[in-house]
Amino acid sequence: MAEHEHVRVAVVGSGFGGLGAAVRLRREGVTDFVVLERADSVGGTWRDNSYPGCACDVPSHLYSFSFAPHPDWPRTFSGQEHIRAYLEHVTDVFRLRPHLRFNCEVKKMTWDPQGLRWDIETSSGRLTADLVVSATGPLSDPKVPDIPGLDTFPGKVFHSARWDHDYDLRGKRVAMVGTGASAIQIVPAIQPEVERLTVLQRTPPWVMPRIDRAITGPERWLHRRLPFTAQARRGLLWGIRELQVQAFTKHPDQLGVVEQLARRNMARAVKDPDLRARLTPDYRIGCKRILLSSEYYPALTRPNVDVVAGGLAEVRDSTVVAADGTRAEVDAIIFGTGFHVTDMPIADRVVGADGRTLAEVWKDGMEALRGASAAGFPNWMTIIGPNTGLGNSSMILMIESQLNYLADFVRQLDVLGGRVALDARPSAVHTWNRQVQDRMKRTVWNTGGCTSWYLDAAGRNTTIWPGTTSEFRRATRRVDLSEYTVLRAPARATAGEQDTVEAAI
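Let us look at the structure shown here. For clarity, every value in this text was computed on a predicted model and none was experimentally measured.

### Some points on the state of the cysteines
No. 1: Applying the stated criterion to the full structure yields one disulfide.
No. 2: With its sulfur 2.0 Å from that of its partner, Cys-287 forms a disulfide with Cys-450. Across the disulfide from Cys-287 to Cys-450, rotation about the S-S bond amounts to roughly -90 degrees, and the bridge is consequently left-handed. Pair noted here: Cys-287 is in the loop between helix H8 (273-279) and strand S11 (291-292) and Cys-450 is in the loop between helix H13 (444-447) and helix H14 (469-475), with a separation of 163 residues, a long-range link.
No. 3: Judged by its relative accessible area of 12%, Cys-450 is buried.

Next up, the structure:
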């Protein structure tokens, strides 16, 4: 990276959000941009999470860009390696590699109110940008709980998103901490090879069967020759999930039927009533993400697996101690304890117009206009921002909606012309957030009786979108300039004139 390089747009991250933003910028005729990536390859979550059994719980044909259909998905639910290969393919097809800056971690981004641009400090040097698109994603920074004694553990410790492939688990005694989406894939994958597996479960999940199968050759041939068949398949998958949304957002009582199906699924695989009791949640299904696996429950019934109904409380030398006092000697501890979702670390590195970091502004809870723009951070947008997550469908749908918003944001800057920036009005941000939180009150995520990673430290749901993907797409189709303050440089600025002019639109 050239010292003090200036670009029109800097995109941070090269997962689905960052690569999608890059494609959309090129489609809008913007080629003066870079994609800053702290790792050495694209992929984001699907690069970092390479643990045994890693796969997507959204059907393949729905978990891909609409503008980059993939007729050759090998399975109905794709594995990590297939999704990562797809993202590499997107990178090549849309000629994004010249824009990529690998091993380039963003250290700090500071808004320059005089220059109307972002000063960006990275591990590879400095640059400036007119517009920043933050696409680091909520599942990028692992969260490991502060466990007393963990630092003295003599064995191996790692998080599921930082899997140590050089460590051989065969014949080892292993503690799996957590029973979330990663853990229920890891457990059946490693159970056959470890000597003993202790699953430390803080809260049991609701698990439904994962109806996965190989997509046949004739199916793939049909999708290649007649692309509308793949589009129809995607449309059907999307439509089914759109119809499910009301049960999650307006009528959680309707989820009782699904709960009964989940109970039957457990009963078929787990015959021991004591184990079944430990695995049965005490909250409404859907309050936490419904997990999909046909192998998890059978793996828990194997002779070399112990399910401890209490989270990890302490580590004493090579012994893990659960909250209920249960102890187990282990050689390795694997954390499947999620990510920094409601306290994204990137927020500590973004300094806005008034000198405060985004983390400071968000100390009482994340909020952004239409999930994209934070007040006091001009020309800064986030992909998969506050309240854009989903509990039952594909995040790619939400990402593409935010890409529509990004495209119109760039168009508005072009129309306004000159050195110009858009800063979300605090009143607009608060109005949007209030409406979202009002809708959230009746959802299963708020009323289902659980504590999930959707909620922040104050108990507010700042993660999930309380509506359909269609509603969100309509809400992000266009940038409403009345929701922004326009910042302009003086028409006849000289070297000594550093003030900007705020124009209310």
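So much for the structure itself; the text now carries on.
### Quick look at the environment of Arg-210
No. 1: Within the secondary structure layout, Arg-210 lies in the loop between strand S10 (207-208) and helix H5 (217-225).
No. 2: According to the relative accessible area criterion, Arg-210 is buried, its value standing at 16%.
No. 3: A C-alpha to C-alpha distance of 5.4 Å links Arg-210 and Ser-294, two positions 84 residues apart in sequence.
No. 4: Every residue in contact with Arg-210, bar those within four places of it in the chain, is listed here: Ala-55, Cys-56, Phe-77, Ser-78, Leu-292, Ser-293 and Ser-294.

### Description of the pairing of strand S14 (residues 319-322)
No. 1: The side-chain alternation of S14 yields two buried faces, one formed by Thr-319 and Val-321 and the other by Val-320 and Ala-322.
No. 2: Relative to S14, strand S13 (residues 312-316) runs antiparallel, the two being bridged by four bridges. The residue bridging Val-315 from the neighbouring strand is Val-320, located in S14.
No. 3: The hairpin formed by S13 and S14 contains two residues between the paired strands, and Asp-317 there has a positive phi angle of roughly 55 degrees.
No. 4: Alignment of S14 against strand S15 (residues 327-329), held across three bridges, turns out to be antiparallel. When the bridges of S15 are listed, Thr-319 appears paired with Glu-329.
No. 5: Between S14 and S15, which pair antiparallel one after the other, the connecting turn spans four residues, and Gly-325 there sits at a positive phi close to 95 degrees.

### As for the nonpolar core
No. 1: Judged by nonpolar contacts, the single largest core of 111 residues is most densely connected at Phe-16, Phe-65, Ile-190, Leu-197 and Leu-300.
No. 2: Sort the elements by how many residues they give to this core and helix H11 (residues 395-416) lands first, with twelve residues.
No. 3: In contact with Phe-65, other than residues within four places in its own chain, are Phe-16, Gly-20, Tyr-86, Val-90, Arg-234, Ile-396, Ile-399 and Glu-400.
No. 4: In this structure, Val-12, Leu-36, Ala-347 and Met-366 belong to the second largest nonpolar core, which totals 29 residues.

### A look at the pairing of strand S8 (residues 173-177)
No. 1: Among the five residues in S8, four count as buried, and that is most of the element.
No. 2: In this structure, S8 lies alongside strand S9 (residues 196-200), joined through five bridges in parallel fashion. Considered in S9, the bridge of Met-176 is made with Val-199.
No. 3: When S8 meets strand S16 (residues 332-335), the two strands line up parallel, connected through four bridges. Within the sheet, the bridge partner assigned to Val-177 lies in S16 and is Phe-335.

### Topic: the sheet that holds S15
No. 1: Strands sit in the order S13-S14-S15 across an open sheet of three strands; the sheet is antiparallel. Since the sheet does not close on itself, it has two edges, and those belong to S13 and S15, each with one partner. Across this sheet, the average inter-strand angle for adjacent strands is 25 degrees, counted without regard to direction.

### Considering the packing of helix H1 (residues 16-27) against helix H3 (residues 80-93)
No. 1: Closest axis-to-axis distance for the H1/H3 pair is 11 Å, and the angle between their directions is 20 degrees. With respect to each other, H1 and H3 are oriented roughly parallel. The handedness of the crossing between H1 and H3 comes out as left-handed. Facing H1, whose interface residues are Phe-16, Leu-19 and Val-23, H3 presents Ile-83, Tyr-86, Leu-87, Val-90 and Thr-91.

### Focus on the environment of Arg-474
No. 1: With respect to the element layout, Arg-474 can be found in helix H14.
No. 2: C-alpha of Arg-474 to C-alpha of Pro-52: the two residues are 422 residues apart in sequence and 39 Å apart in space.

### A short note on the packing of aromatic side chains
No. 1: In the structure shown here, the tally under the stated rule is 16 aromatic pairs.
No. 2: Measuring from centroid to centroid gives 6.4 Å for Phe-377 and Trp-380, while their planes differ by 55 degrees, and the two rings are tilted.
No. 3: Judged by relative accessible area, Phe-377 falls into the buried class, the value being 2%.
No. 4: The buried category is assigned to Trp-380, whose relative accessible area is 2%.
No. 5: Through pairs of rings, three or more aromatic residues link up here, namely Phe-16, Trp-46, Tyr-63, Phe-65, Phe-67, Trp-73, Tyr-86 and Phe-94.
No. 6: Seen from the ring of Tyr-167, Lys-172 lies directly overhead, with NZ or CZ sitting 5.3 Å from the centre.
No. 7: Just above the ring of Trp-465 sits the side chain of Arg-439; from NZ or CZ to the centre is 5.5 Å.

### What about H1?
No. 1: The end-to-end C-alpha distance of H1 is 16 Å, a good match for the 16 Å that twelve residues give at a rise of 1.5 Å each.
No. 2: With ten of its twelve residues buried, H1 lies for the most part within the structure.
No. 3: Buried residues of H1: Phe-16, Gly-17, Gly-18, Leu-19, Gly-20, Ala-21, Ala-22, Val-23, Arg-24 and Leu-25, and no others.
No. 4: Elements that come into contact with the buried residues of H1 comprise strand S1 (5-12), strand S2 (33-36), helix H2 (45-48), H3, strand S6 (125-134) and H11.
No. 5: Just downstream of H1 lies Gly-29, where phi reads positive at about 85 degrees.

### A short note on the packing of H5 against helix H6 (residues 227-249)
No. 1: Axis separation between H5 and H6 bottoms out at 4 Å; the angle between their running directions is 110 degrees. Taken as axis vectors, H5 and H6 run roughly perpendicular relative to one another. Counting all contacts with H5, which are made through Glu-219, Leu-222, His-223, Arg-224 and Arg-225, the residues of H6 involved are Pro-227, Thr-229, Ala-230 and Arg-233.
No. 2: Broken down by class, the residue content of the contact of H5 with H6 amounts to three nonpolar, two polar and four charged.

Cut-offs applied
Residues numbered from 1 in each chain as written. Predicted model: local features only at pLDDT ≥ 70, side-chain atom pairs only at ≥ 80, totals over all residues. Heavy atoms only, no water. Disulfide = S-S within 2.5 Å. Helix = DSSP H or I, 4+ residues; strand = E, 2+ residues; numbered from the N terminus. Buried < 20%, exposed > 50% of the residue type's maximum accessible area, 1.4 Å probe, protein only. Contact = heavy atoms within 4.5 Å. Pairing = 2+ DSSP bridges. Core = buried A, V, L, I, M, F, W, Y, C linked by side-chain atoms within 4.5 Å. Axes fitted to C-alpha atoms, helices over the stretch in contact; angles between N-to-C directions. Parallel < 35°, antiparallel > 145°, perpendicular 65-115°, else oblique. Left-handed = near helix turned anticlockwise from the far one by under 90°. Phe/Tyr/Trp six-rings, centres within 6.5 Å; stacked < 30°, edge-to-face > 60°. Lys NZ or Arg CZ within 6 Å of the ring centre and 35° of its normal. Expected span 1.5 Å × (residues − 1). Nonpolar A, V, L, I, M, F, W, Y, C, P; charged D, E, K, R; others polar.

Everything listed here is a matter of coordinates, which is why it stays silent on function.
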